[in-house]
Amino acid sequence: MKIARLTAALALTSMFAAPAVAQQTTVHITIKDHRFSPSEPHAPANQPFAMVVKNQDSTASEFESKTLRVEKVVAPGAEITMRIRPLNPGRYHFFDDFHQDTTEGDLFVE
Ligand SMILES: [Cu+2]
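Cut-offs and rules
Residues numbered from 1 in each chain as written. Predicted model: local features only at pLDDT ≥ 70, side-chain atom pairs only at ≥ 80, totals over all residues. Heavy atoms only, no water. Pairing = 2+ DSSP bridges. Helix = DSSP H or I, 4+ residues; strand = E, 2+ residues; numbered from the N terminus. Axes fitted to C-alpha atoms, helices over the stretch in contact; angles between N-to-C directions. Phe/Tyr/Trp six-rings, centres within 6.5 Å; stacked < 30°, edge-to-face > 60°. Buried < 20%, exposed > 50% of the residue type's maximum accessible area, 1.4 Å probe, protein only. Contact = heavy atoms within 4.5 Å. Core = buried A, V, L, I, M, F, W, Y, C linked by side-chain atoms within 4.5 Å.

### Structural notes on the sheet that holds strand β2 (residues 35-37)
Now for step 1: Read from one edge of the open sheet, four strands run β2-β1-β4-β7, paired in mixed fashion. Of all strands in the sheet, those with a lone pairing partner are β2 and β7 (79-84), marking the two edges. Neighbouring strand axes in the sheet, compared pairwise and without regard to direction, differ in orientation by 25° on average.

Next comes the structure, spelled out in structure tokens:
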């Protein structure tokens with residue numbers, strides 16, 4: 001009887017514990033040969049998330065987006081993390097301000 005009650009208590013605990021864990025999305029983007037990969041990443045709408053941009057080129061990049069309101073230099077071989085505010089569904093253009101002609105993409109928020 002004692003074991004049965006303990007098992008039930010544990011089952012209840014895990015049932016209630018699961019939703020309490022914050023599910024934060026992290027969008028990973030790599031810059032290589034002056035291209036974003038992926039160039040069309042996705043993110044969930046109406047919740048904050050993180051974006052990690054890794055620069056695998058030997059030149060500096062500046063990750064920039066007017067609509068995401070971010071602008072941050074990524075040194076060669078370095079990685080930056082940005083906190084993005086909750087966004088409405090839509091398409092958010094981003095680019096490398098140091099290589100605008102080759103390096104751009106769109107974040108799809110849905
Ligand atoms: Cu800029």
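### Things to note about the packing of aromatic side chains
Now for step 1: Within the structure shown, the criterion is met by three aromatic pairs.
Now for step 2: Summarising the aromatic geometry, the rings of F36 and F63 are spaced 5.7 Å apart at their centres and angled 80° between planes, so their arrangement reads as edge-to-face. Taken together, the residues F36 in strand β2 and F63 in strand β5 (residues 61-65) connect sequence positions 27 residues apart. Like F36, the residue F63 is buried in the burial classification.
Now for step 3: Grouping aromatic residues by their ring pairs yields a cluster made of F36, F63 and F94.

### With respect to the environment of M51
Now for step 1: Relative to the helices and strands, M51 resides in strand β4 (residues 49-55).
Now for step 2: Along the primary structure M51 and I84 are separated by 33 residues, whereas in three dimensions their C-alpha atoms are 7.2 Å apart.
Now for step 3: M51 has contacts with V27, I29, F63, L68, I80, T81, M82, I84 and L107, leaving out every residue within four places of it along the chain.

### Section: the nonpolar core
Now for step 1: Core analysis: the biggest nonpolar cluster contains 21 residues, and M51, F63 and L107 have the highest contact counts within it.
Now for step 2: Looking at this core, the elements with two or more residues in it are β1 (26-32), β4, β6 (70-74), β7, β8 (90-96) and β9 (104-109).

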